[in-house]
Structure formats: C-alpha cells, structure tokens
Amino acid sequence: MPSAIQEDEPTKSVVKNESPFAKSNLKGDWLNIFILFLLYIMQGLPLGIVNVIPILLQSKRNVTYNEQTLFSLTGWPFSLKLLWAPLVDALYIHKIGRRKSWLIPVQFSIGICFFYLADNINDLLLEAEKPNVLKLTSVFLISTFLVATQDIVVDGWALTLLQKNNVGYASTCAFVGQFTGIIISSMSLILLTSEDFSNKYLKISLDVGGIVTVKNLFLICGVLFMVITTSIAIFKNEKDTRLEDDHIKLNTFQNYKLLWDISNLPCIKILAIAMLTSFIGFAPNDSVVPLKLIDAGVPKGNIMVIQTGINVLKIIIMPVIAVKYTAGPKPMNLYLNVIPTRLLWNFTFVILIYYTPELIKNNGVVDIPMYYYVIFVFIQSINDILHNMMTTALVAFYCRISDARFGGTYITLLHGFSNIGGAFAKFIAYGLIDLLTFKECSFDSNNNCSTSHLQNVCKSKGGDCITIVNGYYVESIVCTVFEIIWFIIFKNKLKQLQSKSPSHWLVKMNTLKSKNHESSYTLKDVKT
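Let me begin by describing the structure that accompanies this report. (Residues numbered from 1 in each chain as written. Predicted model: local features only at pLDDT ≥ 70, side-chain atom pairs only at ≥ 80, totals over all residues. Heavy atoms only, no water.)

Before going further, it helps to spend a moment on empty space enclosed by the protein. Taken as a whole and assessed by the stated rule, the structure comprises 6 cavities of 30 Å³ or more. Counted as a void, the second largest cavity has a volume near 60 Å³. What lines the second largest cavity is simply Pro46, Ile49, Ile110, Cys113, Phe114, Leu117, Phe140 and Ser143. Those elements that provide at least two residues to the lining of the second largest cavity are α1 (30–59), α5 (100–126) and α6 (133–161). (1 Å grid on protein atoms, 1.4 Å probe; cavity = no way out; pocket = protein on both sides within 12 Å on 5 of 7 lines; lining within 4 Å. Points joined across faces, edges and corners; volume = space filled by probe spheres on them. Helix = DSSP H or I, 4+ residues; strand = E, 2+ residues; numbered from the N terminus.)

So, on to α1. Between the first and last C-alpha of α1 there are 43 Å, a value that for 30 residues agrees with the 44 Å anticipated at 1.5 Å per step. Its maximal kink placed at valine 52, α1 deviates by approximately 30°, while the proline proline 54 follows within four residues. (Expected span 1.5 Å × (residues − 1). Bend = angle between axes of the 7 residues up to and from the residue.)

Now for the state of the cysteines. In the structure shown here, the tally under the stated rule is 2 disulfides. Disulfide partner of cysteine 441: cysteine 458, at an S-S distance of 2.1 Å. The sign of the 85° torsion about the S-S bond sets the cysteine 441-cysteine 458 disulfide as right-handed. Here cysteine 441, found in strand β3 (residues 438–441), pairs with cysteine 458, found in helix α17 (residues 452–460); they are 17 residues apart in sequence, far enough to count as distant. Cysteine 458 carries the same exposure label as cysteine 441, and that label is buried. The disulfide partner of cysteine 449 is cysteine 465, and the gap between their sulfur atoms is 2.1 Å. Its torsion about the S-S bond being -85°, the disulfide of cysteine 449 and cysteine 465 is classed as left-handed. One end of the pair, cysteine 449, is in the loop between β3 and α17; the other, cysteine 465, is in strand β4 (residues 465–469), with 16 residues separating them in the sequence. Looking at cysteine 449, the relative accessible area reads 3%, which means it is buried. (Disulfide = S-S within 2.5 Å. Buried < 20%, exposed > 50% of the residue type's maximum accessible area, 1.4 Å probe, protein only.)

The quantities given are spatial measurements derived from coordinates; they are silent on function.
Shown next, in the form of structure tokens:
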C-alpha cells in the first residue's frame, strides 16, 4: 500500500482558486477531459462484465433468484468504498502523485484479475453443469473492490484535474465513459463469444464458437489495462495540489474524523436518508425485468443487442441533456421532475412482462414477432433515459457541493449513499421475488415447489410447477407505493438543500501547531 511521505510545503506563492460557479471554459482542459473519459471507460469494462453475468446465470435455467441475490453482493464494494476512501486520500507518495500513487497499482491489479478469469471462467461458469455461484461471487467481489477503489481515485482526481469552473463536466465524463466501457465489455461477452450470433451476423461461413472466446476477451482486457496504465504512469504528470491555497494535508486518523464530521453536517444527514431510500421504487424494473424476459423465453443475445442499442442512444442523447440541465446551479430540479414519470412508467413493464409469454409464442413455440421487439425497445429506452437523467443530475449535484480540499473522501461519501441505496434496492428486488412467489405442483396441491427437491419430485412424476402468485407483480406494486411516499416526503427537502450556500457543505479546519511544529487539525462544522 502506498505510504504518505512527509515533505515541507512548497515555498512557491499560492495559486488563487477559481470559483466553481464561474462560467465554464474548456480551453486548456481538453486533454484532461480525454484522460478522465478514458479512465471511466476502463472503469466500465469490468462493470459491464459483472452486469451481464446474471443474464448468463439465468440462461442456465438451473440458477435460483436466491443465488442471483448472492451474486448481487458483488455490487456492494461500490456502496461501501467510503470505508477505505480516507486511506486513499491520506496515504500516497508525493513524488508519484496523490492519485497516481493508487491509480497505477489498482489498475495493474484489475489487469491481473482479467488474466486470472481468462484461465478459470470455463470451470466457473461456461462449461460447468451447475455454475459455481459462490466462487464466481468471490472472484468478482475482488475485482469490483478494485474498480471501486479506482473510482475513488478518479472521482477525487477529477476535482483537481479539471479547472474548477469545469468540474461540472466530470459527471458527463463519468456517465459517457463508464457506459462506453460497459457497452464494449457486455456486448463482447454476450454477442461476440456467441456461436449462434456470430454465425448469423458476423461470419462468412458457419463455424464452431464465436469470433472471439471468453478467454481471449479477458486476455485483451487485461492487456489494455496494463498498457494504458503504464502510459498514464509515464506520460501524465499530476498537479501538485499543495500549491493550492486551500490544500490541507491530513493523516489517516484525521481523514476518518473528517468522514465522521462530514456525515454530521445537517445538510448531509438529510441528503443521506433521501439517497439511501430513493431507488427502491424502481428496483424491480432496473434489476429483474431482463431475467423475467429470459424466463419467458426471450433469447439473451437478443436482449443484449437491444440493450446495447439503447446504451448507444443514451451516450448520444445524455451529454446534451447533462450539459443543458445539470451544468447550472440547480441540477436536482431535473432529478425530482423525472421521478413522477418513472413511477408511471413502472406499470408499462408490468404489462409487458404479463403479456410476453402470449406475444412471443405461436402454438407453444417461441416465435418472437418484430413488433414485440419494437414495444420492448420503446419501453426500455424511455426507462433507461429517465434513469440516467436522474443519475447524471445527482452526480452534477455532488460535484457542486463537494469540498475540493477533501475531494476523494467527500465525494466518495456522497456516492456511497447513492450506491448503498442502489445495492440495497437491487438486493431487495432479487431477494423478494422467490419469497413473494407462490407455486404448486400441477397434480399435487400439497407440493408448493418451494425447494429444488420439491420441484424435482413434481417433475419426476410428470407434473409441472405452476405459478399461482408471481412475486414480480406484487413487488412492483409495493415498491411503487413506497416511492410515491418517498417523493412526498423529500421533494421540498431536496429543493431546499440545493439552494443552500456553499458554506453549508464545508467543514472548517482550525490549524494548531504542536511543539515539534507538525500540523494537527481540529475539525469543526461551519456555523450557519
């Protein structure tokens, strides 16, 4: 782990800070925008793979929603990264740079994870009769931990890499870059490795396997991480923030104390409660719908083609929306205005899932008409655009209120609230499906098919497990009602928060000198 090396403060004159509320001007920041964009693309590559693993598991037809709940734990490092964010902020090597001290070893480690997966993915998932969900979860949990650490570094670096009046563009870089990486990796894993898809659309003559194997795909990702990380380590110099007039050096203990003091700011307490609960209303549609479509018989390859097209559309549309509506002083207006529309849109998914078995089958055989895909694309596109409008507005708000002196810790704490809320909502969405679903065997009403053993007993005697109550519908109604109540409670509170002056979000530090002339700090909230 990188260690902090104490050095005397530079004797150069301090650099006057620009106001974060000044008019944006990208002159002199284009290269930094590109670097930031590239780093978020790299962040998206492993995330895209984690996102499509549940689809691969569900297509195996022998994985339960409880096992999907277990794999969903791989998303929790993004939610809990605030626990080690202070270490990332406090421990570094000055000669390498505050952010590069972590960025370089972390991204090399992600590359190593890709090399490991290249050698073991067949045994863990592809060629296994029953996927080893526990081991898969463990491996991807480690890789997601590393990606979450990279996110801490990049989010913190964005606050000093860009000019302060351009910090609002960091949210656009994060959204577009991360989604580009997600599209590349998820599309490649599902489509380019598929024999059926490759023979139908990509190959001149029929052949065994896709145009690239999963092993080679992971090897390519590993090499990319090694090459790009090496290039950044050699050619990109990091700005020395000790020259800034608001720079303050904290040790590890002081960073954790800082984390506690930020959490105790009155505005932060309200924001935290709101963000920890704000995603529950949309969790069934955001997490469960693709799995339900696979259960109904929609091919996973077709779902990925549609989702990829939608993601490309979002990359084109979202930057325009982000710049127009989130670059101003009140990005949360967009966030709140979108919620009622998304709540109404929940019911379009309920209707789609209900009628899908009837629409895609002809005389009991899956034969999906083109109009079904048109309907699905329309519903999913609107939902994804609305979702990402909310996300981009939220990131822009976080960038506006974060104290740049403690960038990595402060903004990671804010993202942590959102990520914990999202992970918790996803965990609930997967976990409640089986709990709220009631089945019974077609010839034995006493057999509720609640376990794999009871399901096998039913099938061995020629019966089928018939769904009496579909947990997805019950869950969708409950979550929608919850979100309506949330909106009533927090709408005006969030509007008031974004109208607060910057002083409401700052932590005041009083510098004291000890006998050995080393600096110590007492953290105190700014009085308002």
